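The primary structure of each chain is shown beneath.
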Amino acid sequence: MSRTERRTERHRAAHRAQGLMGWIVSLIIVFALLFLIFELWLVPVRVTGQSMEPSLSDREVVLIDHAAKYWKTPGRGDVVYFQDPSTGSMLLKRIVALPGETVDIAQGRVYIDGRPLEESAYAVNFEQGGDMAATVVPEGKVFVLSDNRAESYDSRSPQIGCVTYEKIEGVLRFRILPTSRIAFYY
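1. Here's the deal with the sheet that holds strand E6 (residues 109–112)
Now for step 1: One open sheet holds the 4 strands; their spatial order is E7-E6-E5-E8, and the pairing between them is antiparallel. The sheet terminates laterally at strand E7 (115–116) and strand E8 (132–136), the two strands that pair on one side only.
Now for step 2: Examined bridge by bridge, strand E5 (residues 102–106) and E6 share 4 bridges and lie antiparallel to one another. From the neighbouring strand, Asp-104 faces E6, where its bridge partner is Tyr-111.

Take a look at the structure:
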């Protein structure tokens, strides 16, 4: 093998090694980005139970936006993810009343400051939802309800009560599984 051939062969080997190193670095960057996205920002969560039907069904997979609460305070209609203070389990519930508002439930209908809340797009089983005396939501807290009022464990329960903004870990952004029900929640 001539000197030129050896030099060419070494050049090819070095080029292959650089190419392989480039792929390895690219894969490390991709995995780091995926980790940041799916561990710190958009965290996948499996829905358990029927309390949020028909909006969310048992065993569906959703993405919870952990950064959302830093950009905009969660508001009425947002589905939030927070820890149940009595059991430590994580819950998904919809915000229906904000700080300073009076919420009451009569004949299964929710009233905010005496006006009926329009919930036909998501809430079911109104009549089975259980009435509740008027309650003023304390500052810094929100009142959350399940969409399926018959299968509810929410702010009406003394174990949960009104949820502080600090306890909200994220806001529902996407339903990713099943693929037939993919949805974006803004």
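2. With respect to the nonpolar core
Now for step 1: In terms of nonpolar packing, the biggest core is built from 14 residues, with Ala-97, Val-103, Val-110 and Phe-143 touching the most fellow members.
Now for step 2: Residue assignment for this core shows that the elements contributing at least two residues are strand E4 (90–97), E5, E6 and strand E9 (141–145).
Now for step 3: Discounting chain neighbours no more than four positions away, the residues touching Val-110 are Val-103, Asp-104, Ile-105, Arg-115, Pro-116, Leu-117, Glu-119, Leu-145 and Arg-149.
Now for step 4: The next biggest cluster of nonpolar side chains, apart from the first, holds 11 residues, and it includes Ala-68, Val-80, Ile-95 and Val-171.

Cut-off values and rules
- Residues numbered from 1 in each chain as written.
- Predicted model: local features only at pLDDT ≥ 70, side-chain atom pairs only at ≥ 80, totals over all residues.
- Heavy atoms only, no water.
- Pairing = 2+ DSSP bridges.
- Helix = DSSP H or I, 4+ residues; strand = E, 2+ residues; numbered from the N terminus.
- Core = buried A, V, L, I, M, F, W, Y, C linked by side-chain atoms within 4.5 Å.
- Buried < 20%, exposed > 50% of the residue type's maximum accessible area, 1.4 Å probe, protein only.
- Contact = heavy atoms within 4.5 Å.

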